[in-house]
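Residue strings, one per chain:
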2 protein chains.
Amino acid sequence: MPTLTFEAARACVVENVTALRALPQVETVTLADAAGRVLASPVFADRDWPATPRSVRDGFAVRSSDTPGRLRLAGEIRAGEPASAAVGIGECIEIMTGATIPEGADAVVMVEHTRREGDYIEAPAAKPGQFINPRASEARRGGLLLEPGSRIGFAEIALMAAAGCSHVSVFLRPRVAILATGDEIVQVHETPLAHQIRNSNAHSLAAQVRRAGGVPAILPVARDTRDATRALIEQGLAADLLLLSGGVSAGKYDVVEDVLASLGAGFYFDRALIQPGQPVVFGRVNRAFFFGLPGNPASTMVTFEIFARAAVELLGGQRESLLPLTLAPLATPFRHKPGLTRFLPARLDSGETVTHIPWQGSGDVPAIARANVFLVAAADRESWERGDLIQVLMK
Amino acid sequence: MPTLTFEAARACVVENVTALRALPQVETVTLADAAGRVLASPVFADRDWPATPRSVRDGFAVRSSDTPGRLRLAGEIRAGEPASAAVGIGECIEIMTGATIPEGADAVVMVEHTRREGDYIEAPAAKPGQFINPRASEARRGGLLLEPGSRIGFAEIALMAAAGCSHVSVFLRPRVAILATGDEIVQVHETPLAHQIRNSNAHSLAAQVRRAGGVPAILPVARDTRDATRALIEQGLAADLLLLSGGVSAGKYDVVEDVLASLGAGFYFDRALIQPGQPVVFGRVNRAFFFGLPGNPASTMVTFEIFARAAVELLGGQRESLLPLTLAPLATPFRHKPGLTRFLPARLDSGETVTHIPWQGSGDVPAIARANVFLVAAADRESWERGDLIQVLMK
């Protein structure tokens, strides 16, 4: 089965999920409940934005050809009032931010730049159009404001509020089954023996799924026998996506891949040139996608973020899924063995510099909790000096 | 009243809120409900992590001094089993990832690097400690895993699950009152006249407050009269934080600052050298903080993200509040007039390059919705060439 580079594996997930997904069912929610959901219908402008030319400053509406000069103050207009009388030659009208530019005027001069004497103001030179937001400059009536598949954030909320959408059509959240595997796993409320560990992966995956817009369903832990594992995997494949953690390395008791194969699974890849998380599996049984995420906690978290999160977002109806990758200068030199793309816990200090956090490998959850980003070390480079730019993945 | 640079204004918010805040009350929630909340009590390790030295590979536990060499296979040990018998001289024990290293062994060789012949394996040279995660290497029993004031993300969830915290002590969310002002504002479900606009700011602020961990309460719109505004501001000051939008520019009908002053408000700043959002106000009445956010939608959104979000997070008990600022190379040249720090809508393409989105000024919500980051143009630089690095603020 294929081993892919990080970039090829990610492209494989995005392309196959996009090609084969069925878009989710739709429901209607109030605007207040829409944040974080995925828009299911386009949003159009119900009028020109702005509906009239607007002043973007407090000051005076003027005819630019009259400026500089002494102008007679012929009235005032506030943002909450209908358009006023026209501005005649040699006149001006006092205007507040957001108010409609009166007929005749073609510029606004700022109040701070004028001097008033009784019913007259001394106006500086104004260019035509100055401090005016023209009608329809932001959107035309009937124009498309938001496409279906947009994840609704605060700007989309503002836009829908402005367009009069008090109710919003959104996609149902995808259901994501989470199946931790392994004989060594006990529940969170239990006290593990020396050779046991608590089930942390199912809980961190549930938080990650929720953040990606999905509804997590944690299945019972699958013990390392074929029958127990098969029954739970079949149950998980009824969801929109199945996330398995553990059971995908080369160990002889890792029965997960055998069970999946016996269910007719197709595997897109079963290894990626990354660390942590090298033995990551992506495939499908009929139209149900699954990931086999390596069981070490850091591997589970990282492979979810870089691969499975895109699947959750796309199955939730998002038009696209982008990794939040940028650059930051290193606070200390960094080197690694090329060949694998590495995702390592790191601290980004308010955009200044990024510092690698020493860690004990892919079981080291405390190091990941101390991190606020992952440093991304490219597979084709060996060393970075202090101050060199390196990719960071926002956590 | 003082005008501050962006950096000084942000430091002013963080320092004053941190110095004067009372930490919120505490409640207990289940682990499943803890994501996104702020931890109120420290979390300690209930045992060494790992509790025993663990194998980080599937393979064979060996005595490194016996390698390279032919070793007798004396048994096997799985992750779900107690420690096995010791490894004697010339012996090895088959071991699965996560299983306890048996007595006598000091290294693991990967199954892929060995050759098996009946009860013997041919092992390559192994260094002492190879593929072993030592006992307590990630945390010591009783050691501090998480400090109070940590915002709970997926890694914190994993860590608390592993430490046996099925219930978590968290701070109550801060209550944030939102008060839009202006005679021109109508409700979302209403049809505005040509000179009116719908109330979008209250709704986008509510989404931003929720994302920052607060509970928003939208007050009725304050009309531009002293009495109406005063009653609503007094109501808003009973919350943990009051956000006003509109009413803070130099217009003669902007009564907000007058009303605040008459209530005995102290003002830390009433102008910041930024765009959009220059006339932003930060102050307090007794111990209640407030922001006067400029009413143009983009100004409201940006000034919330760069100033008010920090206040919500700190009032919610977070130990620190960091701006998600990094760097990206520009896809096209960019120039601006120095003197102000500008926050402009931009698209970041999977960490490759950032592109400025043309916009019509601080009313242009469609441009902000198309953006996935804000480009941050420093106040002390005039131009950037294609490929130059520029700061980006994650949206």
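From a predicted model like this one, the values you see are computed outputs, not experimental measurements.

(A) Molecular detail of the overall build of chain A. Helix and strand counts for chain A come out as seven helices and 30 strands. Taking 21 Å as the expected radius of gyration for a compact globule of 395 residues, we find that chain A reaches 29 Å, considerably beyond that expectation. Along the first, second and third principal axes, the C-alpha set of chain A runs to 90 × 50 × 40 Å. A buried classification covers 58% of the 395 residues belonging to chain A. Within chain A, counting contacts between residues at least 6 apart in sequence, those at least 24 apart form 69% of the total. Summed over all atoms, the accessible surface of chain A reaches about 15,300 Å², with 51% contributed by carbon and sulfur. Averaging the locations of the 39 positively and 42 negatively charged side chains of chain A gives two centres separated by 2 Å.

(B) Inspection of the pairing of strand β10 (residues 120–123) of chain A at higher detail. Residue and element names in this part refer to chain A. The side-chain alternation of β10 yields one buried face, formed by I121 and A123, and one unburied face, formed by Y120 and E122. Relative to β10, strand β6 (residues 69–77) is paired through four bridges, and the arrangement is antiparallel. Each bridged residue has a counterpart across the sheet, and for G69 the counterpart in β10 is A123. For strand β9 (residues 115–117) and β10, the ladder comprises three bridges, and the chain directions are antiparallel. Opposite E117, over in β10, you have Y120 as the bridge partner. The turn joining β9 and β10, which pair antiparallel and follow one another in sequence, is formed by two residues; a positive phi near 60° is taken by G118.

(C) Focus on the pattern of salt bridges. All told, the structure shown has 36 salt bridges over all chains when counted by the stated rule. Residue A:D183 pairs with B:R78 through a salt bridge whose shortest N-O separation is 2.6 Å. On the criterion of chain membership, the pair formed by A:D183 in the loop between β14 (175–180) and β15 (185–186) and B:R78 in the loop between β6 (69–77) and β7 (91–95) is interchain, its members lying in two chains. For A:D183, a relative accessible area of 25% translates into the label partly exposed. What you see here is one network of salt bridges that share partners, running through A:R151, A:R211, A:E305, A:R309 and A:E313.

(D) Examining helix α3 (residues 201–211) of chain B more closely. Of all eleven residues in α3(B), eight are buried; the element is thus mostly enclosed. Among all positions of α3(B), only B:N201, B:A202, B:S204, B:L205, B:A206, B:A207, B:Q208 and B:V209 are buried. The inward-facing, buried residues of α3(B) abut α2 (154–162) of chain A together with β14 (175–180), β17 (215–218), β18 (241–245), β23 (288–293) and α6 (297–315) of chain B. Two residues or fewer past α3(B), B:G213 is found with a positive phi of approximately 100°.

(E) How the structure looks around the confidence of the model for chain A. With 98% of its residues at a pLDDT of at least 70, chain A reaches an overall mean of 93. Here the predicted complex scores 0.93 on pTM and 0.92 on ipTM.

(F) Structural view of the sheet that holds β14(A). Residue and element names in this part refer to chain A. Strands sit in the order β17-β14-β18-β23-β22-β19 across an open sheet of six strands; the sheet is mixed. Where the open sheet ends on each side, the last strands, each with one partner, are β17 (215–218) and β19 (266–269). Averaged over all pairs of adjacent strands, the angle between their axes in this sheet comes to 25°, without regard to strand direction. In this sheet, strand β18 (residues 241–245) lies alongside β14 in parallel orientation, the contact comprising five bridges. Bridge pairing in β18 links L179 to L244. Here helix α1 (residues 6–20) sits on the sheet in contact with β19, β22 (281–285) and β23 (288–293), set at roughly 140° to β19. Its contacts with the sheet put helix α6 (residues 297–315) on β14, β18 and β23, and the angle it makes with β18 is roughly 175°.

(G) Layout of the relation of the copies chain B and chain A. Once turned by 180° and shifted 0.0 Å along the axis, chain B lies on chain A with an RMSD of 0.1 Å. As the rotation angle and translation indicate, the two copies are arranged about a two-fold axis. Closest approach to the rotation axis within chain B is made by the C-alpha atom of B:L327, at a distance of 2.5 Å. A shared binding surface is used by both copies, with 97% of the interface residues of chain B retained as interface residues in chain A.

(H) Layout of the environment of B:N201. Residues and elements named next belong to chain B. As for its placement among the helices and strands, N201 is situated in helix α3. For the pair formed by N201 and P297, sequence separation is 96 residues and the distance between their alpha carbons is 6.0 Å. The residues contacting N201, other than those within four sequence positions of it, are S245, G295, P297 and T300.

(I) Here's a closer look at unusual backbone geometry. Of note, the bond from A:T67 into A:P68 is cis; its omega dihedral lies within 30 degrees of zero at -10°. The residue A:P68 is located in the loop between β5 (59–62) and β6 in this model. For A:F131, which is not a glycine, the phi torsion comes out positive at approximately 60°. Inspection of the secondary structure assignment puts A:F131 in the loop between β10 and β11 (132–133). Phi is positive for B:A136, which is not a glycine, with a value near 65°.

(J) How the structure looks around the interface of chain B and chain A. On the side of chain A, 95 residues touch chain B, which itself brings 96 residues to the contact. For the pair chain B and chain A, the summed buried area comes to about 7,200 Å², and 60% of that belongs to carbon and sulfur atoms. The interface formed by chain B and chain A includes six salt bridges. The partner of A:R198 in a salt bridge is B:D46, with the nearest N and O atoms 2.8 Å apart. The tally of links between chain B and chain A comes to 18 residue pairs in polar contact (both at pLDDT 80 or more). Considering every element that reaches the side of chain B that touches chain A, the biggest residue donor is helix α2 (residues 154–162) of chain B, with eight residues. Residue classes in the side of chain B that touches chain A are distributed as 45 nonpolar, 25 polar and 26 charged.

How each quantity is defined
Residues numbered from 1 in each chain as written. Chains lettered and ligands numbered in written order. Predicted model: local features only at pLDDT ≥ 70, side-chain atom pairs only at ≥ 80, totals over all residues. Heavy atoms only, no water. Helix = DSSP H or I, 4+ residues; strand = E, 2+ residues; numbered from the N terminus. Rg over C-alpha atoms; globule rule 2.2 N^0.38 Å. Buried < 20%, exposed > 50% of the residue type's maximum accessible area, 1.4 Å probe, protein only. Contact = heavy atoms within 4.5 Å. Areas by Shrake-Rupley, 256 points an atom, 1.4 Å probe, with all protein chains shown as cover. Lys, Arg positive; Asp, Glu negative; His and termini not counted. Charge placed at Lys NZ, Arg CZ, Asp CG, Glu CD. Pairing = 2+ DSSP bridges. Salt bridge = Lys/Arg side-chain N within 4 Å of Asp/Glu carboxyl O. pLDDT = per-residue confidence, 0-100. Axes fitted to C-alpha atoms, helices over the stretch in contact; angles between N-to-C directions. Least-squares fit on C-alpha atoms with pLDDT ≥ 70 in both. Buried area = accessible area lost by both parts, 1.4 Å probe. Polar contact = N/O pair within 3.5 Å; in protein donor to acceptor, adjacent residues only side chain to side chain. Nonpolar A, V, L, I, M, F, W, Y, C, P; charged D, E, K, R; others polar.

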